[in-house]
Amino acid sequence: MSTDIWAWVHDTHRQLAEQGHHRLADAIYELPGHANEGRNDQLDAVFPEALAAARALELPWVEVYLRHWRMQNLLNKRHQGEQALPEVVDLLEFAHREQTASCPQSVCVVQDFAICHARVDGPGYVPERLAVLEETLERIEPARACFDCLSREYSDTLEDDGRPADALAHLDTAAARMQAAGQRLSLHFHHARAGSLNLLGRHEEILPLLDAAEKAEQARGGGLDDSDRRWGALLRARALARLGRSDEALALLPPLAEAEQYADLRPIWAATVEILAGAGAHENTAGLGAALTGWVGYLDSTGSHRPCVDLLLTAGRLALARGARTVALTLAATGGRKLTQLRRTDGVAEQVAALRAAAEALPVAEPPAAADLLALPAGRDGDPEADADLLAAAHARHQGDPAADPAVGSDLVVRLAALLGGLGHTRAATDLLWQRLDEDPGHEQLPGLLASVLIDAGDAEGVRRLSERQHAANPSDAYWTRARWAAAESRWAEVGEHCAALLALDPDRINPRRLAAGAATELGDHVRAQRLYEEILEHALPVEGTAPEELYRTVQPQDLWHLVTAASANRDWPAVRATGARLGIEFDEPAGPVDEEWQTVTIRATRANGAGVDLPAVRTGPATARIVPVLGDDVPLNHGDVVVFAPALLEPPPAADAPEQVRERWRPVFRQLTLLDPAGYTTYWIDGAWPGDRKWAAFGKDLAEAGYGVWAYSGDEYAVTDPKKEDGTLPGIYAALGVPPTAGSAEADALLARLTKRWKHPLAWLDLATAAGADIAPHEETVRRYGL
């Protein structure tokens, strides 16, 4: 089998584009980048449409390709395990049917199968992984790119079997075979070799290995992408930490925020931080513990059982070092549960038992009387783990006292569960709350807190069970739980239904109106949203005389901003102006539509395929903006369109001490809600040689004065062929022309011809000339001569 996967990709892309299937053609190029770079939202937006198109066109090879790259993302970037297993098995079967077996990407599905089983239990599935990888490696040539991938996967399997020396030897043998066949080694291959060297304790060899590998990658013109740089920094940080060079390691270690964003970094990041914390070079805080515990919970939810146990052991050792008894015991309990989901527990079972024993040996906190403890403010000393130890000890003492007040016991559970949930231990918190709810079903706070924890944990069955229980005693509470759960899952119509049922029973409630109004906004029902926000103003309590715990029932600034937004979408300008006045907004005109010129902002819109796109715009009112660039048909907006945006900033402004250039370049980013006034521009494309700054500026000015729009998409790197020099190039320009609805294509064609007739190099606007019925021969000649 020797089909070149990337040659097939290029040919398939070209054929699809020629046949007019541009969205699918683009997806074929975009999906691997989204998958490898961890652009999960973009992948999720592009994949369903692309897969549906491939199936509709009966292209099974393309289906294998698309599903494989999605699986690479699910397994490597999101660390899914048992959650992805049914899809992996189905994909493997599909990829080896008669009509797909010859697809070059079918071989890669074997890697998906092996990785998924490694996520579930790498050591437990060593025999199956080795067998399927050996069979596949025997039937493909070393010159194929997938030989690199499968060789790395084979090495990983040997490492999971406790054989790092064999893993390194396998990589060296595979490298020799690939190089002899003329195949270059990928940067990922060298990363795998660094992993084997780490397990063998040969840390001093890792730094020169990574340096040489990255230089070779750049020398080939491949360059390093963001993922390559993150991994290079992380692998160096781990090696330096092992070598005792803590300051250098700390300087290279990616920040916690990057590990939060990219799940594939987390295992090595956590292991490196444990080394640095042990050396006193990295803080070992409750915040760090909460982050690691959150990752443990994520792996637990995706069925990535073995990585979950490995990470909880790291988190547990760090908790022991902090003296966090309750947290360490909770992690040990999670480890005990996870062991039952592994096929092979030798070695790891002993580590979980050691964690439990060490946690039990930590001193038990000595809390004051329960009533006194509850009277203390939460988080008073900034150490939630110490508070958890006090509350856990008080709870245990209370349970052992038959004369203790049950209400106090429930209050202790509420405080302890809230702390555990905040520290990432949602399962432990829910177990504690369920048990106490059975013992004290009438407690006011227990059901609400339990609902919050269940929703945060994504526990659908728990939410169903709780809401059914609530409905028998207080239907309003049941509707509220169901509405919040539906909102968490973006089931906006259901949110509105549950909130309406609640308000019918309890019409003075405020938060259900806020939630229902937000749901109506998501559904595009801005009339209903405005009515609900106006009802909030009617039912809200006055600020003066309202108790602090009831202040949420007063009018909040965000209520007014949301009302302005809904009113803008409904063109209710008197309401916009009246509500804006309450917010302190001053308008240029006292009445009429709000259409002013404020600041430059960024509108985050949605492409036709569901992916996001940021667009420069001029803010025309409190919640409206006019789009500036001329756009293609992949974005359902265009130059001059006025949109309504949500008032919440999507990105925070730079800190006050940020560099002045950063603060000056920053623009507020808002999410588009709806198109208010389409300007009606039609887009055509201009291509050719760059005329120079002065001529291009004059060209743009003349077009603007005529009511047209123009937007350059090419950058400094864009070049076209110089027809007068062999192998010569000229700076190029690729731009979009926005033709206003008041002008026809023939008029636009004539205008461009007039404005560019004295330019040294002609531009081509083939589509516009065709639409205008003009002579297209000069444009075709320009395309040919300038290699456009």
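An account of the accompanying structure is given in this report. All figures in this text were calculated on a predicted structure; none of them were measured in a lab. (Residues numbered from 1 in each chain as written. Predicted model: local features only at pLDDT ≥ 70, side-chain atom pairs only at ≥ 80, totals over all residues. Heavy atoms only, no water.)

## Remarks on a positive patch on the surface
Worth spelling out the cut-off: Nonpolar side chains (Val, Leu, Ile, Met, Phe, Trp, Tyr) are joined into patches within 5 Å and like charges within 9 Å, using only residues with over 30% relative accessible area and no salt bridge. Computed with the Shrake-Rupley method and a 1.4 Å probe, the accessible areas treat only the protein chains shown as cover for residues. Every case where a carboxyl oxygen of Asp or Glu lies within 4 Å of a side-chain nitrogen of Lys or Arg is listed as a salt bridge. Here the positive residues are Lys and Arg and the negative ones are Asp and Glu; neither His nor the chain ends is included. The location of each charge is read from NZ of Lys, CZ of Arg, CG of Asp or CD of Glu. Put simply, DSSP H or I for four residues or longer makes a helix, DSSP E for two residues or longer makes a strand, and each gets a number counted from the N terminus.
On the surface, K724, K725, K760 and R785 cluster together into a patch of positive charge. Within the fold, K760 resides in the loop between α34 (745–756) and β10 (763–764).

## Concerning the packing of aromatic side chains
Operational definition: Geometry of aromatic contacts follows a simple scheme: Phe, Tyr and Trp rings, the Trp one being its six-membered ring, pair when their centres are within 6.5 Å, and the pair is stacked under 30 degrees between planes, edge-to-face over 60, tilted otherwise.
According to the stated counting rule, one finds 11 aromatic pairs in the structure shown. With 5.7 Å between their ring centres and 65° between their planes, W8 and Y65 make a pair best called edge-to-face. Linking W8 in helix α1 (residues 5–18) with Y65 in helix α4 (residues 60–77), this pair joins segments that are 57 residues apart in sequence. Considering the side-chain rings of W685 and Y734, the 5.2 Å spacing of their centres and the 5° angle between planes classify their relative orientation as stacked. Linking W685 in strand β6 (residues 682–689) with Y734 in strand β9 (residues 729–739), this pair joins segments that are 49 residues apart in sequence.

## Digging into the packing of helix α22 (residues 406–422) against helix α24 (residues 445–457)
Rule in force here: Note on method: axes are straight lines fitted to C-alpha atoms, helices fitted across the in-contact stretch only, with angles between N-to-C directions ranging 0 to 180 degrees. By definition in this entry, angles of less than 35 degrees are roughly parallel, angles greater than 145 are roughly antiparallel, angles of 65 to 115 are roughly perpendicular, and the rest are oblique. Each crossing gets its handedness from the near helix: less than a right angle anticlockwise from the far helix is left-handed, clockwise is right-handed. Contact definition: two residues touch when any of their heavy atoms are within 4.5 Å. Under this grouping Gly is polar, as are all residues other than the nonpolar Ala, Val, Leu, Ile, Met, Phe, Trp, Tyr, Cys and Pro and the charged Asp, Glu, Lys and Arg.
Where α22 meets α24, the closest approach of the two axes is 10 Å, and the angle between their N-to-C directions is 15°. Considering their axes alone, α22 and α24 lie roughly parallel with respect to each other. Crossing of α22 against α24: the hand is left-handed. Contacts from S410, V413, V414, A417 and A418 in α22 reach Q445, L446 and L449 in α24. Here the contact of α22 with α24 is composed, by residue class, of six nonpolar, two polar and no charged.

## What to know about the sheet that holds strand β3 (residues 624–627)
Threshold: Here a strand pair is declared whenever DSSP counts at least two bridges between the two strands.
With mixed pairing, five strands are arranged side by side around a closed barrel as β1-β2-β3-β4-β5. Put simply, the sheet's adjacent strands are angled 55° from each other on average, direction ignored. Relative to strand β2 (residues 612–619), strand β1 (residues 600–606) runs antiparallel, the two being bridged by seven bridges. Its bridge partner lying in β2, T606 is registered against G612.

## Remarks on α24
Condition: Each residue after the first adds 1.5 Å to the expected span of a helix. Classification of residues uses two cut-offs on accessible area relative to the type maximum, computed with a 1.4 Å probe and protein chains only: under 20% is buried, over 50% is exposed, and between them is partly exposed.
Over its 13 residues, α24 extends 18 Å from the first C-alpha to the last, a length consistent with the 18 Å expected when each residue adds 1.5 Å. The complete set of buried residues in α24 reads L446, P447, L449, L450, A451, V453, L454 and I455. At its buried positions, α24 is contacted by α22, α23 (426–439), α25 (460–473) and α26 (475–488). Following α24 by one or two positions, G458 adopts a phi angle in the positive range, close to 70°.

## Some details on the nonpolar core
The condition is simple: Side-chain atoms within 4.5 Å link the members of a nonpolar core, which is a set of buried Ala, Val, Leu, Ile, Met, Phe, Trp, Tyr and Cys residues.
In this structure, W269, L292, L412 and L433 are the most contacted members of the largest nonpolar core, which totals 81 residues. Residues in contact with W269, not counting those within four places in the same chain, are L234, L253, P254, P255, L256, A259, L288, L292 and W295. Formed by 39 residues, the second largest nonpolar core is a distinct cluster that contains L85, F113, A175 and F189.

## Concerning the side chain of H190
Turning to its location among the elements, H190 is positioned in helix α10 (residues 187–199). Classification of H190 as buried rests on a relative accessible area of 17%. In this structure H190 touches L185, L209 and A213, once residues within four positions along its chain are discounted.

## A few points about the pattern of salt bridges
This structure, assessed with the given rule, holds 49 salt bridges. The salt bridge involving E49 is made with R23; its shortest N-O contact spans 2.9 Å. Here E49, found in helix α3 (residues 40–56), pairs with R23, found in helix α2 (residues 22–37); they are 26 residues apart in sequence, far enough to count as distant. We note a salt bridge from R236 to E214, for which the minimum N-O separation is 3.0 Å. With a gap of 22 residues between them, R236 in helix α12 (residues 226–242) and E214 in helix α11 (residues 206–219) connect regions that are remote in the sequence. For the pair shown, R236 and E214 are each scored as buried. The structure contains a network of salt bridges with shared partners spanning R55, E63, R67, E87 and D90.

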